[in-house]
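Residue-level structure breakdown
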Amino acid sequence: ITHPIPDLTGYITEGQVYVDRQLHNRQYACYAIGKDVQAMKAVVGEEALTPDDLLYLEFLQKFEKNFIAQGPYDNRTVYETLDIGW
C-alpha cells in the first residue's frame, strides 16, 4: 500500500495497492491461453492437447479455484489474495 490519497468522492482512502505489472500481465496471459485450451479441449479432446496445453489448462483450473473463486462467506483480505497470486 502506498500513501493515503483522496478519491473522487472526497474521502481519504488508505492508499493504492501496487501490483507488479509484469506479474499481472503474465497471469492474465496464462489465464487467457488456458481458456483457449479449455475451448479447444471441448472440440478435440484432452488426448490431442500438447504437454504445454495441459500445463495451461492446469494453471486455469488452479487460478479459477484458488484465486478468482471466493465464496460469499469467505473473508479474504487483499493481502491474502495477492499472496495466492504470487
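Residues numbered from 1 in each chain as written. Predicted model: local features only at pLDDT ≥ 70, side-chain atom pairs only at ≥ 80, totals over all residues. Heavy atoms only, no water.

1. Here's the deal with the side chain of Asp53
- Mapping Asp53 onto the fold places it in helix α2 (residues 51–68).
- Lys41 is the oppositely charged side chain nearest to the buried, salt-bridge-free Asp53, at an N-O distance of 12 Å.
- Those residues in contact with Asp53, other than ones at most four positions away along the chain, are Val37 and Met40. (Helix = DSSP H or I, 4+ residues; strand = E, 2+ residues; numbered from the N terminus. Buried < 20%, exposed > 50% of the residue type's maximum accessible area, 1.4 Å probe, protein only. Lys, Arg positive; Asp, Glu negative; His and termini not counted. Salt bridge = Lys/Arg side-chain N within 4 Å of Asp/Glu carboxyl O. Contact = heavy atoms within 4.5 Å.)

2. Things to note about a nonpolar patch on the surface
- Residues Met40, Val43 and Val44 make up a contiguous nonpolar surface patch of roughly 280 Å² in combined accessible area.
- Considering the arrangement of structural elements, one finds Val43 in helix α1 (residues 21–44).
- Of the residues examined, Val43 reaches a relative accessible area of 72% and is grouped as exposed. (Patch = residues over 30% accessible without salt bridge, like charges linked within 9 Å, V, L, I, M, F, W, Y side chains within 5 Å. Areas by Shrake-Rupley, 256 points an atom, 1.4 Å probe, with all protein chains shown as cover.)

3. Regarding the confidence of the model for the chain
- Mean pLDDT over the chain works out to 81, with 77% of the residues at or above the 70 mark.
- Per-residue pLDDT, averaged within each element of the chain, yields its smallest value for strand β1 (residues 5–6) (54) and its largest for α2 (92). (pLDDT = per-residue confidence, 0-100.)

4. Some details on the packing of aromatic side chains
- Scanning all chains against the criterion turns up three aromatic pairs.
- Measuring from ring centre to ring centre gives 5.3 Å for Phe59 and Phe63, while their planes differ by 20°; the resulting arrangement is stacked. Of this pair, Phe59 and Phe63 both sit in helix α2, four residues apart, roughly one helical turn.
- A relative accessible area of 12% places Phe63 in the buried class. (Phe/Tyr/Trp six-rings, centres within 6.5 Å; stacked < 30°, edge-to-face > 60°.)

5. Quick notes on α1
- Taking 1.5 Å of rise per residue, the 24 residues of α1 would be expected to cover 34 Å, and the 34 Å separating its terminal C-alpha atoms lies within 8% of that figure.
- For α1, every residue scored as buried is listed here: Leu23, Gln27, Gly34 and Val37.
- A positive phi of about 90° marks Gly45, the residue just after α1. (Expected span 1.5 Å × (residues − 1).)

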